[in-house]
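# Chains, contacts and geometry: an overview
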Amino acid sequence: MYIVHSTVNIPEGKVDEVIGIYQKRSRLVDEYEGFISFNLLQNEQKPSELTVQICWESKEDYIKYITSDDYKKVHELEKNYPDQELATIRPTVGRYQVVAK
């Protein structure tokens, strides 16, 4: 299994807006071979920190997705957020190979 985390720190007062964006996400990724799950996580100690967690069957499946036109399409939408402060936020990304369960 291969897991990707993208963590962002959201400006005060905009956390609910960002959560809403993810609640209405396109779900294009869900259709890709090897996709297992998508979760949006909110840090209990620091509620302005959100992490997207996507689980894949393999790193190869993840690579196929991030090199797809659908991936580009989804990430182009981010550049068009009405709130340009949100459009400029860059995540910290971690990629993990599951080595034990």
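Further up the page is the structure itself.
Residues numbered from 1 in each chain as written. Predicted model: local features only at pLDDT ≥ 70, side-chain atom pairs only at ≥ 80, totals over all residues. Heavy atoms only, no water.

Turning next to unusual backbone geometry. Despite not being glycine, R27 has its phi angle at roughly 70 degrees, a positive value. Checked against the element boundaries, R27 lands in the loop between α1 (15-23) and β2 (35-42). (Helix = DSSP H or I, 4+ residues; strand = E, 2+ residues; numbered from the N terminus.)

Read from one edge to the other, the open sheet built from 4 strands follows the order β2-β3-β1-β4, with strand pairing classed as antiparallel. With one partner strand each, in any of the chains shown, β2 and β4 (92-97) form the two edges of the open sheet. When strand polarity is set aside, the average angle formed by the axes of neighbouring strands in this sheet is 15 degrees. Taken together, the 6 bridges between strand β1 (residues 2-9) and β4 define a ladder with antiparallel strand orientation. Of the residues in β4, the one forming a bridge with T7 is T92. (Pairing = 2+ DSSP bridges. Axes fitted to C-alpha atoms, helices over the stretch in contact; angles between N-to-C directions.)

Let us look at the nonpolar core. Listed in full, the 11 residues of the largest apolar core are Y2, V4, V29, F35, F38, V52, I54, W56, Y62, Y65 and V74. Secondary structure elements with two or more residues in this core: β1, β2, β3 (49-56) and α2 (59-66). The element best represented in this core is β3, accounting for 3 residues. Apart from the residues lying within four places of it in its own chain, the contact partners of V52 are V4, H5, S6, Y22, F38, N39 and L40. Listed in part, the 8 residues of the second largest apolar core include I10, V15, V18 and I19. (Core = buried A, V, L, I, M, F, W, Y, C linked by side-chain atoms within 4.5 Å. Buried < 20%, exposed > 50% of the residue type's maximum accessible area, 1.4 Å probe, protein only. Contact = heavy atoms within 4.5 Å.)

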